[in-house]
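Observations on the three-dimensional arrangement
So the chains spell out like this:
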Amino acid sequence: MTTGSTIGDSGRPPENETEPSPPWHALDVATVERELTTGIHGLDSDEVERRRARFGPNALEEEPPTPLIVVLLRQFTSPLIYLLLVATVVTLALSEYVDAAVIATVLVLNAVIGLTQERHAEGAVRALMSLIVPKARVVRGHHEQEIDSRQLVPGDMVLLEPGSRVPADLRLTHTSGLQIDESLLTGESTPVSKRLDPAPEDAPLSDRTSMAFTGSVVTAGRGRGAVVAIGQSTELGAIAGMIRDEGNEPTPLQRRMAEFAKVVGIAVGIGSVVAFASGVALGAPTGEMFLTAVALAVAAIPEGLPVVFTITLALGVRRMARRNAIIRRLPAVETLGSTTVIGSDKTGTLTQNRMQVQALWAGGQTYRVVGDEDRFIVTAGDRPVDLDQHPTLRTTLLAGVLANEASVYLSDDTIITTGDPTEVGLLLIAWASGIETEDEREQFPSFAEIPFEPELRYSASVRRHGEDHVLFVKGAPEQVTRMCTHIDTGDGHEPLDPEAVHLAAGAMAQQGLRVLAMASKRLASRLDDGEDLGDPEGLVFLGLQGMHDPPRPGVREAIARCQEAGMRVIMITGDHAATALAIATDLGITDNEAVIAGTELDELSDEDLRAILPTTSVFARIAPEGKLRIVRALQDLDEVVAVTGDGVNDAPALKAAAIGIAMGRSGTDVAREASDMVLTDDDFVSITAAVEEGRITFDNLRNATFFLISTGAATILAIVAGVWLQWPLLMLPAQLLWLNLVTNGLQDVALAFEPGERDVLARSPRPQREGILSKVLWERVAVVGVLMAVGALIMFRWTLDRTDSLPQAQTVALTTMVVFMAFHAGNSRSAHRSLLSISPISNPFLFIATIAALGVHIAALYLPPTQFVLRVEPFDLDIWWRIVATAATVLVAVEGHKRLRRSRTTPEAGRPATERDAPRDPAGAADHR
């Protein structure tokens, strides 16, 4: 597909198809029109066709989807999958069709899940294309017309009006109060006022006020601009390119699984070779030992592990969905449990993406606002304010209503707002304070307006009131005070003290508030229609209103819980540094004033960036590539990074992070498609719940893996030891496969349903380099493996000597291992808590699975078909008691090991080493040593 481009001198495309130097935003209007060979009347039809043939459609480049067969084959490249493929072939060769069918089901399930995940991931760039609006208003050949935005070419003159989405990157050539919401690209919470003056060459995206960018939305005013970039060459196209170039990093769980599979494969291979070689060397028949070695390998390979992983992760997905977190990639369920840093966007993620008045100053008195949404209460001290007793405050609020083009109204008990978020905030505080905004506007009908312009730094409205005209002004305090001579004290007018106003405004600004000043003047004579208002002067100063984008409810507590869980939260935003620092300080993200702005970030080398990251938690005015660079630098420091966001500007970082978390309500399709997890309530608080569920999920994965590996180790040790002792075979190949299929196949899956433990968030995140099993659990694997092997060998030898029946001795050895596993399933419910402290019915699935495994095995001892296939036979009750007593020793051994490991862990200062501290013990901090 042909990609879009820019255009160079005199309408001719430059050789390298890049924008001119200086860039478009730094050129004046006349130079831009000359470069593009265009003007107010636009291009003629012939020139449009030439440029369309040269530059192609205004659309993002769309790569063809990966062939289905390629995606499918990629699902079979895991080391554990290789082992399962070999196991399938071997079991088929042994005519163990049931076991082969189970393993094949695992392979198919894994492939289907992986295939689905990859297909979803390819939707990220396609979602970007939806942001190219279908229609655009342009001037061509002296006439206005509406066209398909794909037909735009460099040099087209595009018309902008409120509510329209910018269809291409434009260099503005005319503006009238034009304001554009660019939060989609920059993350800045307030609309940007546009102007025609060139911006500095090195201006970041958010400060290029002479430009309008693809995908942004016009919130106020009107404008016209020349197309300077289309399709892939737009800023939006650059972000799409970053997403396309950013591959899917394996999650910590996937890395652990790959490493674990290698270890298992090597161990099983060595064990099988040793068993075969030892048996042959000691005189056993070669054919018999070959079948034993193969059966031993199949029995030891945890082929049930992928099924357990899939079920455990799927259960985690379901639990997270109940807590407003939708998982798009299964391994991401666990990743939050390993996360060490959360890089959060500010606007719309930590805050509500709206402006709310927080403080007022009128008549020399400071007022505070208590409440949220439309339930505001203005207070003086600790008492609500009656506006009848505070006339200057009422006049200040009224000025915010009348010098205002936004609207607020009720529809079916729902508040509907339209217009600039700042002006909406002014209306809401007045409305909530008891001022009927629409009634006041009817009493003061509009006569003339001066829209806000950056160079003016104020806006004004002339209102009719009876026979008079009244001017209301709002704007920057330093600008408004220069227009004022007096101040309204409530008892009359006094000469204005500008210093007092500046001190009050400065106090609000230090709190991270955006401060607006209000003033008014009753004009000496009525104005005529079309009369120039000129620069207002001789005004009466009314008061100040300080506003901010309020934090979401519960975010402070959620951040504190993340920090308690060992996760650092940093803010990466496109908003101004002062605003970002104030919000970050208020939320507890930082306790210092270190802020890195986008321009400073650009000057830092990668090494310098890595050096400041441990002590800097606030990054402001950050472009998409800057956010991506921060994520990569954190990853270079071995951090497991989660990134939250909702805009197009967040998408590259969302995809690059170990886990990308997008907003479900306010977020864009681009952000959602690039993410691993979507918050349905757009609430940072839900991340804490997801972290908790992620850690519970990994605990269950770890416990099930420990169960499978320890029982597999016991089987290998028992068979190899029997061969070395030159005893008859401890168990036949069919019995080994039965042991693996029945006992492991029921209880390992049931461990996935284990409920979460207390204080799971009290642990530190797991180190990236720690495997599926911790050092402590590998110790326990050795203890359990040796104990179970010795127990099975003892019962085998005792039965053989007593009965002189090899089939009965093999049956007793097999049954001993089955009972060992029944007891050991209870041990595996927690890596550190005593089994005695856990209710046996808190996981009813495991309780039923254990009884079922024992019941199936007992039935097999008495049913003729299974007696024939497995070569087993029933035995006396006296032997059953010995088996139970022998198998119960695994409970004592594991309980002893847990107590020993707990005694080696130092509890937190000032706290006893109680059961409440257990989560910090072996499965937590102790495991990480």
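Just above, that's the structure.
What comes next is a walk through the structure. Along each chain, residues carry numbers from 1 onward, in the same order as the chain's sequence is written. Two thresholds apply to this predicted model, a pLDDT of at least 70 for residue-level local features and 80 or more for giving and counting side-chain atom pairs, whereas whole-chain, interface and lining totals are computed over all residues. For side-chain calculations, the full set of non-hydrogen atoms in the structure is used, while hydrogens and water are omitted.

1. Some points on the pairing of strand β27 (residues 659-663)
Threshold: We call a residue buried when its accessible area falls under 20% of the maximum for its residue type, exposed when it is over 50%, and partly exposed in between, using a 1.4 Å probe and counting protein chains only. The secondary structure listing takes helices from DSSP runs of H or I that are at least 4 residues long and strands from runs of E that are at least 2 residues long, numbered from the N terminus. At least two bridges found by DSSP between two strands are what make those strands a pair.
In terms of burial, β27 is largely enclosed, as five of its five residues are buried. Burial of the side chains of β27 extends over both faces: I659, I661 and M663 are buried on one face and G660 and A662 on the other. Where strand β26 (residues 641-645) lies against β27, four bridges are found, and the strand directions are parallel. What sits directly across from T644, in β27, is I661. Two strands pair when backbone bridges link them, and β27 and strand β28 (residues 677-679) are joined in this way by three bridges, in the parallel orientation.

2. As for the packing of aromatic side chains
Test applied: Paired rings are identified among Phe, Tyr and Trp, the last through its six-membered ring, by centres lying within 6.5 Å, and are further divided according to the angle between planes into stacked (under 30 degrees), edge-to-face (over 60) and tilted (the rest). A ring has a charge above it when a Lys NZ or an Arg CZ is no more than 6 Å from the ring centre and no more than 35 degrees off the ring normal.
Within this structure, the stated rule accounts for five aromatic pairs. Residues F875 and W880 carry aromatic rings whose centres are separated by 5.1 Å and whose planes lie at 40° to one another, so their mutual orientation is tilted. When the ring centre of W727 is taken as origin, the NZ or CZ atom of R797, which lies over that ring, is 5.0 Å away.

3. Focus on the nonpolar core
Across soluble globular proteins, you tend to see nonpolar side chains buried next to one another. Note the cut-off: Only buried residues count toward a nonpolar core. Its members are Ala, Val, Leu, Ile, Met, Phe, Trp, Tyr and Cys residues joined through side-chain atoms within 4.5 Å. We call two residues contacting when some pair of their heavy atoms lies within 4.5 Å.
M677 and F684 are the most contacted members of the largest nonpolar core, which totals 106 residues. Ranked by the residues each element gives to this core, the list is headed by helix α25 (residues 685-724), at 16 residues. If we ignore the near neighbours within four places in the chain, the residues touching M677 are A325, I326, I327, L336, I659, G660, I661, A662 and A690.

4. Side note on the pattern of salt bridges
For clarity, the cut-off: Salt bridge criterion: a side-chain nitrogen from Lys or Arg within 4 Å of a carboxyl oxygen from Asp or Glu.
In this structure the tally under the stated criterion is 27 salt bridges. The closest approach of N and O atoms between E144 and R137, which form a salt bridge, is 2.5 Å. By relative accessible area, E144 is classed as exposed at 54%. A relative accessible area of 28% means that R137 is categorised as partly exposed. Here D606 and R629 are joined by a salt bridge, their closest N and O atoms 3.1 Å apart. With D606 in helix α21 (residues 606-612) and R629 in helix α22 (residues 624-636), the pair connects residues that are 23 residues apart, well separated along the chain. Shared partners join several salt bridges into a network, and the residues in it are R137, E144, E161 and R222.

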